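Summary of the model geometry
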Amino acid sequence: MRDPEPADRGFPNPPSGASNALAAEPSAYLRQHAGNPVHWQPFGDAAFAAAAARDVPVFLSIGYAACHWCHVMAHESFEDHDTAEYLNAHFVSIKVDREERPDVDAVYMTATQAISGEGGWPMSVFLLPDGRAFHAGTYFPPRPMPGRPSFRQVVEAVSEAWTERRGAVEANAATLARGIAASQPAAALRLDGPPEPLDAALLGEAVTALSGAEDRAYGGFGGAPKFPPAAVLEFLIRHAAVPSDSMPPAAAPDAAGQDSAGLDTEGQDSAGPETATAARDMAGRCLAAMSRSALFDQLDGGFARYSVTGDWSVPHFEKMLYDNAQLLRVYVHWVRLGGTPEYPVAEAAGIAGLTADWLLARLGLAPATGPAPAPAAGAATGPDTGVVALASSLDADTVVDGVHAEGASYLWTPGGLESLLGPADGAAVAALMNVRMPGSVSADGSPLHPGREMSGGDAALWQRVRSLLAQSRRNRPQPGRDDKVVAGWNGLAVAALADAGAVLERPELVAAAERIADYLERVHWRPAADGPGRLLRVSHDGVAGGIGGLLEDYAFCAEGLFALYAVTGHTRWYGLAEAILDAACRRFAADGGLRDAAGESAQVTAAQGGRDGLEPFDGATPSGAAALAGALLTHSAFSGSSEHRTLAASILALLLPPLAGQAPRAAGWLLATAQAAFAGPIEAAVAGPDTPERAVLHRELLLSASPGLVVAVQDDGAARPVPLLQGRGAGPDGAPQVFLCRGMVCGLPSTSVEEMRGQLARMSP
């Protein structure tokens, strides 16, 4: 099989004569532009100082390596020498990878939407030398189109305004910055007082609102373009696991019916039978529809970023680590929940296994950052892959004969299938996979889209031809891969691989999760002897550099490490998660507020009116605030920390109520965290010697769908036990036993699976 092409097309250094400063950047997206005649600079003080010294505005271009239209605009405008000469003479041009700098992307996306009424990538923003925006748009063509000027017209108009109407330009920038400042929730979010009670009825209201937005015909929510709603699916799965009318309190309530963390438990249920059933059905329909569509790579595994059609039949072909890590975990949790007759466990487990294999085979980086050996189609990734970290993405485009072609690696024609498989099988596969002429993506190409469950003869046919199709496709040119390692996204993958290894009984996936966690500790984490450590966001070739991690990086890594500890029982991962979480609280939740970034760039602060930024809404990944709340809740269950429990409750109480019923699709992880909080979460302490009997008890807990359940496992080699395990050991006969607790208050220990199941059933609604 051909390995993924490097996203910078194999040119780590710019061709001779290139005159920009991107060649040594860790971002593949920036290195893609190292040979442009535009004098690109990375985002930083030096570039803005140069603009001030020259008294010219800044042209800021934001995109990412897997972005199709970013490649288009680069070819049309940034590779054009006349356009480059004009930019070089009249602007300081800065190129930003939105995946490397989501803080930069977020503030200028807000500005772009305010100025132009649209948003997307590539993003084209014009700034004062202090970072404040005054004009913006997205893609601009090389020649005028109806309703859209050419890029050259735009830059000439901006330059003319800068020269002739400077006062108006600066006034517009000031007005926009004030507007962005006023819209920042960080200004109103205060965490230094007691949290307001959170009403459990909000969770049922969210399910009802989601039901109203569901596409019942094709699964998912809303219309085209349609994105995989991973965080919302996690909430629905957790809600479906709580079908009772008699929700137990999250902790012992006080006289007012409020627990110590600000959860309103008196007379409230977080789920009733109707909303629990609705949640299960919605999740099942969406999971089934996505996995039976072209959004899921039917040959190699892995999910594309989104579908341009409502029926998931035409994907936008980039494949992102953050999507696939989240979806892997969601499919595993569906298996744990028990599935439905319409979307059974066995089918979902197969999708989860293929997705895990794809992550390691196609995004896996060995110590020298080369690609990990790829398995044959449908084969498990072996434990000797050597993967130590995961790359960020595969490109939407494939370069064929020097030309970027969207999705070219994935498209088929009826004739091509018949040539490969023979007339009978080729025609049958074309019909099964909806491959027709003209194609759904291009005139001569369609992706494989079954659009329904394959069973009986269809399943037998697919089993017979799949490996041949996969091998044929692997001989084609492959999409580029962005090899930068993003700490937070690898944290998401650690959680997903650990859970998948436990539930699917694939220890090699857990081993891969441990290697990735080790990489994060060695390469991205900077411990400090006299204070909190520091996490770096990005590494390349095993070297971390650039900005410090954002709130999401700290929270995703802590979440992943807690999950890895629960599966392995290795206290090393608990200790690292605790250290990262402590650093996150000190760095981002200081002075009673909360922010996404810790002042990495003065220009970003200026662009948002001098205020800290906080994004309350989930995007492609959970918001940093939601992820922090989840990690804090988990840690409080392991440690008994009332401070962290209260901080989690404060974030939920301040952010969730206005979103739950009105915009639940933007609050999936807040909802999932609240669901866990109302469930307790249940705390399980697995104590006693490491014997086969203990392994059976431990595995039973890992298969539980109880929302947010935490599992602490005795580690005799640990210098300091996890607090949940303190004072809890083996039974009188030396046998292992399990203590089930809430708020660190435990019932009698269980020594058998049957006892433990009964106690879990009594504690779980």
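A quick note: this is a predicted structure, and the numbers were derived from the prediction, not measured. (Residues numbered from 1 in each chain as written. Predicted model: local features only at pLDDT ≥ 70, side-chain atom pairs only at ≥ 80, totals over all residues. Heavy atoms only, no water.)

1. With respect to the overall build of the protein chain
For the record, the criterion: Here a helix means four or more residues in a row that DSSP labels H or I, a strand means two or more in a row labelled E, and each is numbered from the N terminus. This radius of gyration counts C-alpha atoms alone. The globule rule is 2.2 Å times how many residues there are, raised to the power 0.38. Every residue pair with non-hydrogen atoms within 4.5 Å of one another is taken to be in contact. All accessible areas in this document rest on Shrake-Rupley with a 1.4 Å probe, and a residue is counted as covered only by the protein chains that are shown.
Scanning the protein chain for helices and strands turns up 26 helices and 25 strands. The C-alpha radius of gyration computed for the protein chain amounts to 26 Å, which stays within 12% of the reference 27 Å derived for 765 residues, consistent with globular compactness. With respect to the three principal axes, the spread of C-alpha positions in the protein chain is 80 × 70 × 50 Å. Put simply, 70% of the contacts in the protein chain that link residues at least 6 apart link residues at least 24 apart. About 26,900 Å² of surface is accessible on the protein chain, with carbon and sulfur atoms providing 53% of the total.

2. Looking at the state of the cysteines
Heads up, the rule is: Note on terminology: pairs of cysteine sulfur atoms within 2.5 Å are recorded as disulfides. Each residue's exposure class comes from its accessible area (1.4 Å probe, protein chains only) as a fraction of the maximum for that residue type: buried when under 20%, exposed when over 50%, partly exposed otherwise.
All chains considered together, the criterion is met by two disulfides. One disulfide in the model links Cys67 with Cys70; its S-S distance is 2.3 Å. In this structure the cystine formed by Cys67 and Cys70 twists about its S-S bond by roughly 80°; its chirality is therefore right-handed. Both residues of the pair, Cys67 and Cys70, count as buried. The residue that forms a disulfide with Cys741 is Cys746, at a sulfur-sulfur distance of 1.9 Å. Here the disulfide of Cys741 and Cys746 is right-handed, its torsion about the S-S bond being about 90°.

3. Re the sheet that holds strand E24 (residues 737-742)
Within a sheet, adjacent strands bond to each other through the backbone by hydrogen bonds, running parallel or antiparallel. Quick note on the threshold: Any two strands with at least two DSSP-identified bridges between them are counted as paired.
Pairing is mixed across the open sheet formed by four strands, whose spatial order is E23-E22-E24-E25. Where the open sheet ends on each side, the last strands, each with one partner, are strand E23 (710-713) and strand E25 (745-746). In the sheet, strand E22 (residues 683-687) pairs with E24 via five bridges, with the strands oriented antiparallel. Across the sheet, residue Ala687 finds its bridge partner in E24, namely Gln737.

4. Some details on the environment of Trp121
Definition in use: Polar contact is the term for a pair of N or O atoms within 3.5 Å; when the atoms are in protein, one must be able to donate a hydrogen and the other to accept it, and sequence-neighboring residues count only if both atoms are side-chain atoms.
Inspection of the secondary structure puts Trp121 in the loop between helix H5 (102-116) and strand E5 (123-127). Measuring from C-alpha to C-alpha, the distance between Trp121 and Tyr139 comes to 7.0 Å, with 18 residues separating the pair along the chain. If sequence neighbours within four positions are ignored, Trp121 has contacts with Ile62, Gly63, Tyr64, Cys67, Trp69, Cys70, Arg98, Asp105 and Met109. Of note is the side chain of Trp121, whose polar atom sits 2.8 Å from the side chain of Asp105.

5. Thoughts on the pairing of strand E21 (residues 543-548)
As paired strands, strand E20 (residues 534-540) and E21 are joined by four bridges and run antiparallel to one another. The residue bridging His540 from the neighbouring strand is Val543, located in E21. With antiparallel pairing between neighbouring strands as the criterion, E20 and E21 make up a hairpin whose turn holds two residues, including Asp541 at a positive phi of roughly 55°.

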